[in-house]
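# A closer look at the structure
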Amino acid sequence: MGFFDKLKAGLEKTRKNFTEKIEQLVVGYAKIDDELLDDLEAVLLSADVGVPTTSVLLNDIRKGIKGKEINSPDDLRPFLRTKISDMLQNGSGVLTLTEQPPTVILVVGVNGVGKTTTIGKLANYYRQEGHNVIVAAADTFRAAAIDQLEIWGNRVGVDVIKHSEGSDPAAVAFDAVQAAKARKADVLIIDTAGRLHTKTNLMEELKKISRVANREIPGAPHETLLVLDATTGQNAISQAKFFSDTVFVSGVVLTKLDGTAKGGVIVAIGNELGIPVKWVGVGEGVNDLRPFAAAEFAAALFADK
């Protein structure tokens with residue numbers, strides 16, 4: 001099964017909660033009226049598109065009706081597909097590696113979103129692209145985080161730089177940067193804690209890791225990826241705001257799209273936060289994390305070929 005087919009299959013629950021309900025609306029109404037728009041609003045909200053983004057889409061539809069782009073309920077589906085694709089075009093795409101390696105990728109996110117698994121799959125992706133990858137186990141706060149990352153390192157064939165549990169995460173990052181330079185690594189991926197004793201502690205730790213990386217490699221981290229769990233719906237938006245208030249988040253990794261009917265949250269992320277979605281996960285396999293493409297996502301969401 002190709003990735004588009006996996007994406008299409010992975011979005012099945014969201015599609016049933018979203019595009020199939022839109023199609024039912026189209027069949028149920030002979031013309032576009034306020035009642036149809038009210039029902040459409042309910043469909044968008046149930047798919048976790050969110051209030052602000054739903055309002056934008058409905059305003060666009062009203063403008064489309066006024067401008068004769070939408071003349072009947074049948075025109076709603078292609079119109080929405082185009083608008084959603086446009087909303088998600090904001091800077092999506094995989095990071096271009098720096099001319100002077102290593103490229104440093106900082107990975108952040110709360111516990112339970114699939115952060116460690118994401119790092120393993122990212123490492124595998126870059127390895128398959130022919131790059132020398134090192135991973136840093138700088139989540140020293142959570143029990144078993146280091147062991148999990150080591151398992152992934154062994155699985156995909158990358159070195160893991162680690163200290164003991166409870167040690168200074170910034171010290172791990174420093175050693176990892178030195179190792180990446182000494183071993184001529186192309187990519188260094190740094191895991192971070194998803195929780196400390198307080199939010200302030202967590203954010204200060206992330207800033208410290210970034211400072212250490214930047215001191216040793218000017219411009220690092222070159223990418224800060226925020227891992228979000230699609231199954232949490234609108235809570236993912238809150239998490240994104242929380243992290244982006246403290247560290248510059250250059251892109252989002254949206255995991256577990258295949259396990260939720262709330263995949264519409266990806267549209268809200270693109271519209272409300274202005275943070276590009278760069279990777280999506282649609283399965284448990286090592287190759288099931290792939291670069292995000294807005295047009296491909298919209299086609300899969302609307303079950304197009």
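So, here is what we can say about the structure in this document. (Residues numbered from 1 in each chain as written. Predicted model: local features only at pLDDT ≥ 70, side-chain atom pairs only at ≥ 80, totals over all residues. Heavy atoms only, no water.)

### Some words on helix H7 (residues 115–128)
Note the threshold: Elements are defined by DSSP. Helices are runs of H or I of four residues or more, strands are runs of E of two residues or more, and each kind is numbered from the N terminus. By this rule, a helix spans an expected 1.5 Å times one less than how many residues it contains. Residue burial is assigned from relative accessible area. The probe radius is 1.4 Å, only protein chains are included, and a residue is buried under 20% of its type maximum, exposed over 50%, and partly exposed in between.
Compared with the 20 Å implied by 1.5 Å per residue over 14 residues, the 20 Å span of H7 between its first and last C-alpha is a close match. Burial analysis of H7 places 11 of its 14 residues in the buried class, which makes it a mostly covered element. Those residues of H7 lying buried are Lys115, Thr116, Thr118, Ile119, Gly120, Lys121, Leu122, Ala123, Asn124, Tyr125 and Tyr126. Remark: Gly130 follows H7 within two positions and exhibits a positive phi of approximately 95°.

### Here's the deal with unusual backbone geometry
Backbone torsion omega between Pro101 and Pro102 reads 5°, so that peptide bond is classified as cis. With respect to the helices and strands, the residue Pro102 is situated in the loop between helix H6 (76–87) and strand S1 (103–108). With omega at -5°, the peptide bond leading from Ala220 into Pro221 counts as cis. The residue Pro221 is located in the loop between helix H10 (199–216) and strand S5 (223–229) in this model. Here the phi dihedral of Asp48 falls at roughly 65°; this positive angle occurs in a residue that is not glycine. Within the secondary structure layout, Asp48 lies in the loop between helix H4 (34–46) and helix H5 (51–66). Take Asp48: its relative accessible area is 13%, and that puts it in the buried class. With a phi angle near 55°, Lys184 is a residue other than glycine that sits in the positive phi range. Along the chain, Lys184 falls in the loop between helix H9 (169–182) and strand S4 (187–191).

### As for the layout of surface pockets
Applicable threshold: Think of a 1 Å grid over just the protein atoms. A cavity is a set of points where a 1.4 Å probe fits yet cannot get out, a pocket is an open set with protein on both sides within 12 Å along at least five of seven lines, and lining residues have an atom within 4 Å of a point. Grid points are joined across faces, edges and corners, and a volume is the space filled by probe spheres set on the points.
Its volume calculated, the largest pocket comes out at about 180 Å³. Lining of the largest pocket is provided by 14 residues; of these, Thr117, Lys121, Thr255, Lys256 and Gly283 occupy positions nearest its centre. Element by element, the count of residues in the lining of the largest pocket is highest for H7, at three residues.

### Examining the pairing of S4
Each regular strand carries side chains that alternate between the two faces of the sheet. Quick reminder of the rule: Think of it this way: DSSP has to see at least two bridges between two strands before they count as a pair.
The buried fraction of S4 is high, at five of five residues. Residue alternation in S4 divides its side chains into two sets, Val187, Ile189 and Asp191 and Leu188 and Ile190, and both sets are buried. In the sheet, S1 pairs with S4 via five bridges, with the strands oriented parallel. Bridge pairing in S4 places Thr103 opposite Val187. Here five bridges tie strand S2 (residues 133–137) to S4, and the two strands are oriented parallel to one another. Note that in S4 the partner of Val133 across the bridge is Val187.

### Some points on the pairing of strand S6 (residues 251–255)
Threshold: By convention, orient the strands away from the viewer: a clockwise path from the first strand over the helix to the second makes the crossover right-handed.
Buried residues dominate S6, accounting for five of its five residues. Burial along S6 is two-sided: Gly251, Val253 and Thr255 facing one way and Val252 and Leu254 facing the other are all buried. Of the crossover connections in this fold, the one passing from S5 over helix H11 (residues 234–244) to the parallel S6 is right-handed. The pairing of S6 with strand S7 (residues 277–281) spans three bridges and is classified as parallel. Within S7, the residue paired with Leu254 across the bridge is Val280. Considered for its hand, the β-α-β crossover made up of S6, helix H12 (residues 265–273) and S7 is right-handed.

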